[in-house]
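Examining the three-dimensional arrangement
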Amino acid sequence: MKKNKNNLEVMDNQTPISSEEVRNWLELPPNVLSLIFLKLGAIDILLRAQSVCSVWRKASKKPLLFRSIDIRNSWDLFEEQCDMMIGRVSFNGNRYDMQKMVREAVNRSCGQLVDFSLESFASNELLAYTAEKSSSLRCLRLVHCYQVSDDTLINMAKKASMLEELEICHCSFSLDTLKAVGNACHQLKLFRLNSRGYDHPGKECDDVALAIAENMPELRHLHLFGNKLTNVGLKAILDACLHLESLDLRQCLNVNLEGDLLITCRDRLIKLRFPNDSSDDCEFDAAIIDHDNEFYHIDSGVDDDSGYSDSSLGL
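In what follows, the accompanying structure is described. Along each chain, residues carry numbers from 1 onward, in the same order as the chain's sequence is written. At least 70 in pLDDT is required for a residue's local features to be given in this predicted model, at least 80 for side-chain atom pairs to be given and counted, and no such filter applies to totals for whole chains, interfaces and linings, which use all residues. Hydrogens are left out, water is left out, and the side-chain values use all remaining heavy atoms of the structure.

**Regarding a nonpolar patch on the surface**
- Residues with no salt bridge and a relative accessible area higher than 30% make up the patches, which join like charges within 9 Å and nonpolar side chains (Val, Leu, Ile, Met, Phe, Trp, Tyr) within 5 Å. To measure how exposed things are, a 1.4 Å probe is used in the Shrake-Rupley method; for residues, cover is taken only from the protein chains shown. We define a salt bridge as a side-chain nitrogen of Lys or Arg found within 4 Å of a carboxyl oxygen belonging to Asp or Glu. A cluster of nonpolar side chains, namely Val-32, Ile-36 and Leu-40, defines an oily patch on the protein surface of about 190 Å² accessible area.
- One can find Val-32 in helix 1 (residues 30-40).
- For every residue, the accessible area obtained with a 1.4 Å probe (protein chains only) is divided by the maximum for its type, and the residue is called buried under 20%, exposed over 50%, and partly exposed between those limits. Since its relative accessible area comes to 31%, Val-32 is described here as partly exposed. A run of DSSP states H or I qualifies as a helix once it reaches four residues; a run of E qualifies as a strand once it reaches two. Both are numbered from the N-terminal end.

This is the structure:
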């Protein structure tokens, strides 16, 4: 290491870097800055980027940057001492209310929000507020959102009539709610319904499958992870959803894909995941509930030993 005449440290055998060549991040073209912000995501913009300087704060208010709000991938930003269920989190020693932060992100979208994903802390008030502000919503994902009521989801579906993708993972909504959502969202192309696989004979139920068949005929992609449907329910879906291209039946242990049913699936579908296919790429806990070992999902909001409540889908 040595110094040149401008007193800049350089490594031996390397060309010195002059002060004129040091990048000024404030001079980034607006389109480049917007691309960087899009990579960061809505929450990272609100927590970090907008605080860098006045130029970045002004740039952070563009509605384009808030067309997608995904909280599922944001929890690693925060410190350990946070309560995800109520959305109280810590960042750089400061406490934040995620409900307020998400509202701010929704406000900045100026009605252009198309992709909305929440995990754990969603409330009726937050979803109602988002529904009022986001009539152009195309994709909604709810993960572990036990505090969201059936009425709230139904009202949101009615206001987001252009919804094309809906994902419900480990939530607890009634069968009637599923039917109402299907009736309200006529353009629904993708539906993902994830629960926990249950390894216990006799626990068969085609109610969800029949509700999908009767109320979601435009589906192209269907994911029923850990559902209790049988071949009867699967046939009803195939007969009603004539545009179906992909089907994920992993951990749907009551389905027996063979004979004519298997031929139909292979002839019609571009992609098919079988009940016993690997779940290694699953985003959430995919452990099968084993009745013999009395292994139950404690925080699933259920009240009987089947792993499903009488009044809900038990998702």
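Continuing now.
**Description of the sheet that holds strand 6 (residues 115-119)**
- By this definition, two strands are paired if DSSP reports at least two bridges between them. Strand order in the open sheet formed by eight strands is 3-6-7-8-9-11-12-13, with parallel pairing between adjacent strands. With partners counted over all chains shown, the strands left at the sheet margins are strand 3 (68-70) and strand 13 (271-273), one partner each. Taking the axes of each pair of neighbouring strands and ignoring which way they run, one obtains an average angle of 5 degrees across the sheet.
- Strand direction decides the pairing type here: strand 3 and strand 6, joined by three bridges, are parallel. By the bridge assignment, Ser-68 is partnered in strand 6 with Asp-115. Inter-axis angles, ranging from 0 to 180 degrees, are taken between N-to-C directions of lines fitted to C-alpha atoms, where helices are fitted over the stretch in contact.

**A word on the pattern of salt bridges**
- The tally for this structure, following the rule as stated, stands at nine salt bridges.
- Across the salt bridge formed by Arg-250 and Asp-248, the nearest N and O atoms sit 2.8 Å from each other. Each member of the pair, Arg-250 as well as Asp-248, is classed as buried.
- Measuring nitrogen to oxygen at the nearest pair gives 3.9 Å for the salt bridge that ties Asp-277 to Arg-273.
- Note on Asp-277: relative accessible area 29%, which makes it partly exposed.

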